[in-house]
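Below are the chains, spelled out letter by letter.
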Amino acid sequence: VAAALPALITASLVRETSRSAVPPRFAMLEPVRMVAALELAEAGEERTARDAHAANAVTSAVAASARQLGGGGGEREALAFFAAERANLLVALDHLLATGQPARALPLASALGFWWEHVGPARVGLPWLRRAIVADDGSGPARDRWHARFAGALLAVEAGDYGDMRRFAEEALEIAVNAGDLEGEATANIAVAIWEQTDSGDVDGALRRLDRAIGMAERAFASDNRAWLSLAFGSNLRGAYRYYGNGDVFGALPDFERGQTVIRAHGALTLLRLPRLHMAAALQAAGRRDEALAAVREAIADPGPHGAPVVLANAAMRLASLLSEEPGPRSAAASARLLGALDVVMDRQGYRADWMMEKENARTLARLAPLGSGIDREISRGRHLAEIADGEPDLLSIAYGA
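Keep in mind it's a predicted model, so treat the numbers as computed, not measured.

**Thoughts on the layout of surface pockets**
Approximately 1200 Å³ is the volume found for the second largest pocket. For the lining of the second largest pocket, the secondary-structure elements that each account for two or more residues are α1 (5–10), β1 (14–18), β2 (25–28), α2 (30–42), α3 (46–67) and α4 (74–98). In terms of residue count, α4 provides more of the lining of the second largest pocket than any other element does, nine residues in total. Here the residues of the lining of the second largest pocket are counted per class, giving 21 nonpolar, four polar and nine charged.

Next comes the structure, spelled out in structure tokens:
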């Protein structure tokens with residue numbers, strides 16, 4: 001095929017879509033694609049061609065999503081792959097679902113869930129995961145069936161769909177238990193803990209479940225290296241719940257340290273950004289403001305592939321909180337502008353503020369109350385600056401340069 005490309009380009013049958021891509025990317029001209037599709041259908045070969053295309057999509061997408069946890073820039077490589085191939089992958093996923101191939105569709109939907117979780121919007125990805133899960137007939141490997149539910153649960157909580165969050169998390173837990181998958185059981189319990197706290201506000205109950213999940217992850221890690229992520233995820237979440245839920249600053253900090261140590265040990269450094277921002281909250285409460293600011297600036301300086309909107313939103317929230325504690329109207333105005341920018345980031349991605357963000361923003365607004373009517377003016381200004389930004393908004397420019 002590669003040898004024939006120059007002639008096809010000269011004949012205007014194929015065009016190069018990106019000169020900078022490695023490897024280079026090509027596409028058929030639309031009229032040519034339509035004629036080719038018609039000829040395949042007339043020859044009775046369309047299903048075979050689409051099945052082959054889907055098989056390649058599943059293999060390459062699963063491999064790309066696995067690279068994110070391998071360290072050494074794997075997350076960036078994976079996201080670059082999904083950015084380039086997303087349209088092809090969605091065509092393949094739609095074909096698998098439309099032709100009754102749920103066992104092949106589930107791993108592809110789960111891999112795409114990685115893209116939607118990191119880049120968003122969650123509200124776009126959730127219907128695809130939901131469709132794949134509804135089609136599941138139980139014929140696929142338990143791990144694929146588990147993974148689809150876990151990916152769906154993460155997207156559901158970001159989209160504020162707590163009904164799907166509960167259903168997917170509980171189904172993931174059931175599948176893992178039935179399969180004897182201790183690592184999967186630990187991770188699913190973490191997802192259930194998120195739902196329990198979100199639904200009932202029972203922080204203590206969620207912490208007890210996280211204690212059990214972390215214990216499972218520790219036991220699983222002895223024989224299953226995948227469990228490092230469950231251990232890190234559970235430890236960081238327990239730290240966040242201890243701080244935001246119970247105000248236990250000094251109980252939270254060791255959990256954050258442990259979770260981030262595990263992530264560093266496995267080289268997945270881009271996964272540190274969000275835990276570092278949650279840890280910044282506890283550092284701020286402990287009076288260690290310089291360390292908290294350093295963590296926020298680190299996340300802003302490298303927010304991750306394609307802006308990592310959830311990281312950007314949490315960075316805006318934390319920086320607004322830190323600035324609201326500084327004396328003087330300039331810091332207060334900068335804090336209010338960041339709250340406006342936060343609104344834009346959340347709206348673009350379809351995120352709903354969780355209970356931790358709502359609690360923190362309420363504290364920030366209370367500190368800004370002396371600004372009076374100026375609060376609304378500066379929030380509107382920050383919202384405008386974020387809306388007109390080319391790409392993701394520059395939080396430091398909005399805060400300090402406006």
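The rest of the description comes next.
**Re the packing of helix α11 (residues 227–246) against helix α17 (residues 355–368)**
For the pair α11 and α17, interaxial distance at closest approach is 10 Å and the crossing angle is 45 degrees. One finds that α11 runs oblique with respect to α17. Crossing geometry of α11 relative to α17 is assigned as left-handed. Residue-level inspection shows Ala240, Tyr241, Tyr243, Tyr244 and Gly245 of α11 in contact with α17, the latter providing Trp355, Met356, Lys359, Glu360 and Arg363. Split by residue class, the contact of α11 with α17 holds six nonpolar, one polar and three charged.

**Re the environment of tyrosine 162**
Note that tyrosine 162 resides in helix α8 (residues 162–179). Residues in contact with tyrosine 162, not counting those within four places in the same chain, are Val157, Trp195, Thr198 and Arg352.

**A closer look at the pattern of salt bridges**
When the charged atoms of two side chains with opposite charge come close together, those side chains can pair. The full count for this structure, using the stated rule, is 31 salt bridges. Ionic pairing is found between glutamate 326 and arginine 289, a salt bridge with its closest N-O pair at 3.6 Å. Here glutamate 326 is found in the loop between α15 (309–324) and α16 (329–349), whereas its partner arginine 289 is found in helix α14 (residues 289–301), with 37 residues between them in sequence. Of the residues examined, glutamate 326 reaches a relative accessible area of 26% and is grouped as partly exposed. A relative accessible area of 24% places arginine 289 in the partly exposed class. One network of salt bridges, with partners in common, ties together Arg130, Asp136, Arg145, Arg149, Asp161, Asp164, Arg167 and Glu171.

**Comments concerning the environment of phenylalanine 221**
Looking at the element boundaries, phenylalanine 221 is found in helix α10 (residues 203–221). Between the C-alpha atom of phenylalanine 221 and that of glutamate 183, which follows or precedes it by 38 residues, the distance is 7.8 Å. Once residues within four sequence positions are removed from consideration, phenylalanine 221 is found in contact with Ala227, Trp228 and His266.

**Some thoughts on the side chain of serine 230**
Relative to the elements of secondary structure, serine 230 occurs in helix α11. Apart from residues lying up to four places away in sequence, serine 230 is in contact with Glu183, Ala186, Thr187, Ile190 and Ala217.

Criteria and thresholds
Residues numbered from 1 in each chain as written. Predicted model: local features only at pLDDT ≥ 70, side-chain atom pairs only at ≥ 80, totals over all residues. Heavy atoms only, no water. 1 Å grid on protein atoms, 1.4 Å probe; cavity = no way out; pocket = protein on both sides within 12 Å on 5 of 7 lines; lining within 4 Å. Points joined across faces, edges and corners; volume = space filled by probe spheres on them. Helix = DSSP H or I, 4+ residues; strand = E, 2+ residues; numbered from the N terminus. Nonpolar A, V, L, I, M, F, W, Y, C, P; charged D, E, K, R; others polar. Axes fitted to C-alpha atoms, helices over the stretch in contact; angles between N-to-C directions. Parallel < 35°, antiparallel > 145°, perpendicular 65-115°, else oblique. Left-handed = near helix turned anticlockwise from the far one by under 90°. Contact = heavy atoms within 4.5 Å. Salt bridge = Lys/Arg side-chain N within 4 Å of Asp/Glu carboxyl O. Buried < 20%, exposed > 50% of the residue type's maximum accessible area, 1.4 Å probe, protein only.

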